[in-house]
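Inside the fold
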Amino acid sequence: MAPMKKSASVTEQERHLENVATLLFHKGKLFSGADDGKIKMWSPDLKLEAEVQAHPVNVYSLAADGDMLYSSSNDGSIRSWNIAENLAAGPVVKPDCNVETMKLKVANDKLYGGDVDGMVGLIRLECTARLLADDTLNSFRLNIKHLYIKL
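The shown structure was predicted, so the numbers you read here are calculated from the model rather than taken from an experiment.

**Considering the UniProt feature "repeat: WD" (unreviewed entry) in the protein chain**
UniProt annotation of "repeat: WD" (unreviewed entry) refers to residues 13–43 and 52–83 when read in the numbering used here. Span residues 13–43 is 0% helix and 58% strand, its end C-alpha atoms 16 Å apart. Between the end C-alpha atoms of residues 52–83 there is a gap of 11 Å, over a span that is 0% helix and 62% strand.

**Points about the sheet that holds strand β4 (residues 48–53)**
Pairing within the open sheet is antiparallel, and its 4 strands lie in the order β1-β2-β3-β4. The open sheet is flanked by β1 (20–26) and β4, the only strands paired with a single partner. Direction aside, neighbouring strands of the sheet carry axes that sit 15° apart on average. Note that strand β3 (residues 38–42) and β4 share 5 bridges and pair antiparallel. Residue pairing for β4: K38 is matched across the bridge by Q53.

**Topic: the environment of K110**
Looking at the element boundaries, K110 is found in strand β10 (residues 110–115). For K110, a relative accessible area of 26% translates into the label partly exposed. Taking the C-alpha atoms as reference points, K110 and L125, 15 residues apart in sequence, are found 5.3 Å from one another. Those residues in contact with K110 that lie beyond four places of it in its chain are K105, L122, I123 and L125.

**Focus on the nonpolar core**
Counting residues in each nonpolar core, the largest one holds 13 residues, and the members touching the most others are F31, I39, L69, W81 and L87. At the level of elements, β3, β4 and β5 (59–65) are the ones that each hand at least two residues to this core. Residue contributions to this core peak at 3 residues, all from β5. If we ignore the near neighbours within four places in the chain, the residues touching W81 are I39, V52, A54, D67, M68, L69, S71, L87, A88, A89 and G90.

Thresholds, definitions, all that
Residues numbered from 1 in each chain as written. Predicted model: local features only at pLDDT ≥ 70, side-chain atom pairs only at ≥ 80, totals over all residues. Heavy atoms only, no water. UniProt positions renumbered as here; feature names shortened; annotations may be inferred. Helix = DSSP H or I, 4+ residues; strand = E, 2+ residues; numbered from the N terminus. Pairing = 2+ DSSP bridges. Axes fitted to C-alpha atoms, helices over the stretch in contact; angles between N-to-C directions. Buried < 20%, exposed > 50% of the residue type's maximum accessible area, 1.4 Å probe, protein only. Contact = heavy atoms within 4.5 Å. Core = buried A, V, L, I, M, F, W, Y, C linked by side-chain atoms within 4.5 Å.

Dropping the structure here:
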């Protein structure tokens with residue numbers, strides 16, 4: 001087998017300033033989140049299309065559903081971003097708190113998050129559309145060791 005060769009890379013000016021912590025490919029775009037708190041949206045051939053200072057600190061995880069991208073950080077928040085509007089800010093799904101959400105996963109119109117306390121949380125995505133209007137959120141946390149989601 002022939003060795004693999006790099007066929008594209010980002011420019012020095014467009015790279016993240018810190019470690020890239022998470023990558024997600026969704027709707028024909030590559031999203032990167034890094035320890036500089038930024039999320040960047042790239043074309044498949046790694047042309048920078050948009051970037052946002054998503055969090056003041058590290059971006060831990062990314063998940064997507066339709067035109068919404070979700071990010072978690074060690075600032076304790078989960079935030080949303082509109083992919084169709086070049087990462088325009090959407091509603092804050094979970095405000096800053098002392099519990100850091102390390103991993104995110106979207107399945108069946110639900111956003112799951114695993115945190116540093118070993119808890120798994122669930123947020124129904126249809127509720128995020130109402131967050132700006134009335135700050136209600138239908139969510140809960142479970143203390144479990146492993147979570148398997150059948151897609």
